[in-house]
Amino acid sequence: MSDDEVAIRELIARWVDAIRAGELAAVLAPHPEDVVLFDVTPPLEARGLAAYRRHWEPFLLDGPHEDFELGGLRLVVGDTVAFAHASVKLSDGPDFAVRLTLGLEKRGGRWWLVHEHHSAPVGSG
């Protein structure tokens, strides 16, 4: 595993730990001011850290969520950009899982979560 992959895995692990603990400041910490979020709940798009915060606040206020789990985390890491994808599950709630894609960018020697995309499966009929 490269140093960059280790750094990214640690960043994601800290972000997950912050979500589990309901620590909003720590959830926000790895995101730059120009973060973009596509979410499963309206508004479906949030641009900027303030809008990102507004998406996470209701979820975190309803927590903590010790059961927030990432499954099947996979990374593809380049020199200055990377992406990750996984499934997200909350085991204490209804049987509901979402897909997560993260876009990362290395700026000034530090990795940032610049893009976050949550998506829910669409039922087949």
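Each remark here, short or long, concerns the structure printed above.
Per-chain numbering applies: the sequence of each chain, read as written, is numbered from 1 onward. Only residues with pLDDT of 70 or above have their local features reported here, since the model is predicted, and side-chain atom pairs are shown and tallied only from 80 upward, although totals for entire chains, interfaces and linings are computed over all residues. To obtain the side-chain values, all non-hydrogen atoms of the structure were used and water was disregarded.

Draft legend 1. Spatial organisation of the overall build of the chain. What counts as a helix is a DSSP run of H or I of at least four residues, what counts as a strand is a run of E of at least two, and both are numbered from the N terminus. Per the secondary structure count, the chain includes three helices and six strands. Start at the N end of the chain and walk to the C end: the helices and strands fall as α-α-β-β-α-β-β-β-β. Seen through its principal axes, the chain has C-alpha atoms that stretch 40 × 30 × 30 Å. Each residue's exposure class comes from its accessible area (1.4 Å probe, protein chains only) as a fraction of the maximum for that residue type: buried when under 20%, exposed when over 50%, partly exposed otherwise. Relative to its full complement of 125 residues, the chain shows a buried share of 36%. In this analysis, two residues are considered to be in contact whenever any of their non-hydrogen atoms come within 4.5 Å of each other. Taking all contacts inside the chain whose residues are at least 6 apart in sequence as the whole, residues at least 24 apart take part in 48%. Counted as positive: Lys and Arg. Counted as negative: Asp and Glu. His and the chain ends are not counted at all. Think of each charge as sitting on NZ of Lys, CZ of Arg, CG of Asp or CD of Glu. Once the 12 positive and 20 negative side-chain charges of the chain are each reduced to a mean point, those two points are 4 Å apart.

Draft legend 2. Quick peek at the pairing of strand E6 (residues 110-119). By this definition, two strands are paired if DSSP reports at least two bridges between them. For strand E1 (residues 36-38) and E6, the ladder comprises three bridges, and the chain directions are parallel. Its bridge partner lying in E6, Val36 is registered against His115. Where strand E5 (residues 97-107) meets E6, nine bridges bridge the pair, whose relative direction is antiparallel. Each bridged residue has a counterpart across the sheet, and for Arg107 the counterpart in E6 is Arg110. What sits between E5 and E6 in their antiparallel hairpin is a turn of two residues, with Gly108 showing a positive phi close to 60°.

Draft legend 3. View of the sheet that holds E6. Spatial ordering of the open sheet is given by E2-E1-E6-E5-E4-E3, a layout of six strands whose pairing is mixed. Edge strands, defined here as strands with exactly one partner in the open sheet, are strand E2 (45-47) and strand E3 (68-77). Averaged over all pairs of adjacent strands, the angle between their axes in this sheet comes to 20°, without regard to strand direction. Where helix H1 (residues 3-21) meets the sheet, it contacts E3, strand E4 (81-90), E5 and E6, and its direction lies at approximately 160° from that of E3. The axes used here are C-alpha line fits, helices contributing only the stretch in contact, and every angle between their N-to-C directions lies in the interval 0 to 180 degrees. The sheet contacts of helix H3 (residues 49-61) involve E1, E2, E3, E4 and E6, and relative to E2 the element is tilted by about 125°.

Draft legend 4. Molecular detail of the nonpolar core. Core analysis: the biggest nonpolar cluster contains 29 residues, and Ile12, Trp15, Val27, Tyr52, Trp56 and Leu104 have the highest contact counts within it. Of all the secondary structure elements, the ones that give two or more residues to this core are H1, helix H2 (24-28), H3, E3, E4, E5 and E6. No other element matches H1, which puts seven residues into this core. Beyond its immediate stretch of four places on either side in the chain, Val27 contacts Trp15, Ala18, Ile19, Tyr52, Trp56 and Leu60. Nonpolar cores were defined as sets of buried Ala, Val, Leu, Ile, Met, Phe, Trp, Tyr and Cys residues, with membership established by side-chain atoms within 4.5 Å.

Draft legend 5. Broad picture of the pattern of salt bridges. Take a side-chain nitrogen of Lys or Arg and a carboxyl oxygen of Asp or Glu: if they are within 4 Å of each other, that pair is a salt bridge. Applying the stated criterion to the full structure yields seven salt bridges. In this structure, the salt-bridge partner of Glu45 is Arg47, at a minimum N-O distance of 2.4 Å. Taking the relative accessible area as the measure of exposure, Arg47 reaches 55% and is therefore exposed. Taken together, the shared-partner salt bridges in this structure form one network comprising Asp34, Glu105 and Arg107.

Draft legend 6. How the structure looks around the layout of surface pockets. Residues are said to line a cavity or pocket when one of their atoms sits within 4 Å of a point; the points come from a 1 Å grid over protein atoms alone, cavities being sets where a 1.4 Å probe fits but cannot get out and pockets being open sets with protein on both sides within 12 Å along at least five of seven lines. Grid points are joined across faces, edges and corners, and a volume is the space filled by probe spheres set on the points. Here the second largest pocket is characterised by a volume of approximately 180 Å³. Together, Ala7, Ile8, Glu10, Leu11, Arg14, Trp15, Ala26, Ala29, Pro30, Arg110 and Trp111 line the second largest pocket. Those elements giving two or more residues to the lining of the second largest pocket turn out to be H1 and E6.

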